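A structural walkthrough
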Amino acid sequence: MTDSGPKFNIIKFLKIIISSLFIIALLLFTIATIRTFTLDVNVELQLAHWEKTNNISLMIDHSQRQELLANLKEAIRIPTVSFSETESNTTALGEFDRFLRKAFPTVFSSTLVHHEVVANYSHLFWVQGSNPSLVPYLLLAHIDVVPASESDGWDVPPFSAEEMDGFIYGRGTIDDKSQVMGILQALEYLLIKGYAPRRGFYISLGHDEEVSGLKGALTTVQLLKERDVQLLFVLDEGLAVLDGVISGLDGPAALIGVSEKGAATVKLSVSMAPGHSSMPPRETSIGILAAAVKRLEDNPMPRLFGLGPERGTFEHLAHKFKLPMKFILSNFWLFSSLLARVLERKSDTNAFVRTTTAVTIFNSGVKINVIPSHAEAYVNLRIHSAQTLQEVLDLIQSTVGDERVKIEFVDGFDPLPVSSSDEKSFGFQIIKKTVLDMFPTVAVAPGICIGNTDSRHFKDLTNDIYRFAPVWFKPGDAQRFHGINERISKKNYEELVVYYSQLIQNCDTERLPEPHSSVHEL
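Residues numbered from 1 in each chain as written. Predicted model: local features only at pLDDT ≥ 70, side-chain atom pairs only at ≥ 80, totals over all residues. Heavy atoms only, no water.

1. Observations concerning the pairing of strand β18 (residues 465–473)
Our working definition: Note on exposure labels: buried denotes an accessible area under 20% of the residue type's maximum, exposed denotes more than 50%, and partly exposed covers the range between, all computed with a 1.4 Å probe on protein chains only. Helical segments are the DSSP runs of H or I of at least four residues, strand segments are the runs of E of at least two, and each set is numbered from the N terminus. Criterion used throughout: strands pair if DSSP finds at least two bridges between them.
Of all the 9 residues making up β18, 8 are buried; the element is thus mostly covered by neighbouring parts of the structure. Taken together, the 6 bridges between strand β9 (residues 234–242) and β18 define a ladder with parallel strand orientation. Looking across to β18, one finds that Leu-242 is bridged to Phe-473.

2. Quick look at the sheet that holds strand β7 (residues 167–169)
For clarity, the cut-off: In this description, contact between two residues means that some pair of their heavy atoms is separated by no more than 4.5 Å. Between N-to-C directions, angles span 0 to 180 degrees; the directions come from axes that are lines fitted to C-alpha atoms, helices contributing only their stretch in contact.
Spatially, the 3 strands line up as an open sheet ordered β6-β7-β19, and their pairing is antiparallel. Two strands bound the open sheet, and with one partner strand each, they are β6 (163–164) and β19 (487–489). Examined bridge by bridge, β6 and β7 share 2 bridges and lie antiparallel to one another. What sits directly across from Met-164, in β7, is Phe-167. Together, β6, β7 and β19 form the strand contacts of helix α14 (residues 490–506), whose direction differs from that of β19 by roughly 80°.

3. Re the sheet that holds strand β11 (residues 262–271)
If you walk across this open sheet you meet the 4 strands as β13-β15-β11-β16, and the pairing is antiparallel. A single partner strand is all that each edge strand has here, and the edge strands are β13 (356–364) and β16 (406–413). Each adjacent strand pair in this sheet contributes to an overall mean axis angle of 20°, direction not counted. When β11 meets strand β15 (residues 374–383), the two strands line up antiparallel, connected through 10 bridges. Residue Ala-263 lies in a different strand from β15, and its bridge partner there is Arg-382. Across the sheet, helix α12 (residues 389–400) touches β11, β15 and β16, and the angle it forms with β16 is around 160°.

As structure tokens, then:
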């Protein structure tokens, strides 16, 4: 009898533990289930109940269609290439200036529009509104493009603007001349129809965005600061409409960028005494540096998935997935770690999980039989919103862990502030309304840009910067960005023109209407 007592107590204790764990699991499951079926309602309620607008309908006829396509093609054929911060095709930039004045005569002659050239090749337009009490906004795009050569594997010459299967091919069709031309083309047609905005707005076209915008965008920002301009919001390039790109998502999704990752460039170098290759030391400068690079690649930055804007992206889209993904995506508090491990397996989704590390340049050696005295590598990092530049630099230092490797910070900046995207966010809701007016079945969600745009220079002029254009991306299209066979469909470009014309008019509302009070009103 004396031996059975302790056994009984242990069994009883284990039963209590198991029962408690079961109750906790059941409670967690219940909470997660409730959240799964209420989160989608809350997301949908963020679209306010808009009254019918009296917008000018931009019904593009055959002659206008031919005109706007011809204008886009001519823009693509002008090779406004930025090679570096100090080298660009200034001849092409000058030609582009003359082309804009020819293509959009009403914009350049209207008494409502004030135009000025900034930093020799960028453009700033002020479109005067009838109600000066309304805070203006700014539409942003850039004229320059990255280099492209037919020898890279293009199906057509990259500056030919040739048509194939309903698409116009050429460098800049997506990044970013379709937006440059779409904005100005929309304004041209609106002005011809007698449109006069109530809310004034700016259009800024930078000429060196592809090399950091240190002349065009920065000079424009300085001008606006000197004039004490404050902006309601800024809308730039960035994210798009993804159709079939997100596996398991029911239908296309328009992602509106509410932030950008930060960036950093770090130089690693090793210096040693040179020598003859016939008498090599145990470790060379190349070997030491290669080992440091390998440590960086083998030890990626920590997982931060769910701590930045990417959480809002998946929560907004959760209701467009089927179970069990809907259940998982609706409950980041429970499944973020699991999702992070799945997403990090692919390079394109790993960018949502952490600060990414990429070794992009490795230089060393002068002669085949000489052990080099110096080796250097450049590392490019894109910093997650939940991390700072300094934290990243500290982690690089500790990961490399070798005093022989010199670590130098070249340049960089912290992640951009996260712009608002709730039901009270004027810019986000105007963009969302415009998208849904044109594409009613598209899901709309906030997103994060893993690249960088000129918009980051405008953060002192506004609290809200958005990065979006309704360019439709199907699987594989994202690789055309800065890649080969960049293209846009003729239909999609026409949609861009209509989109900007509707957006400009939607911004004339003085305030957002109240959100829906019940799901039945949706």
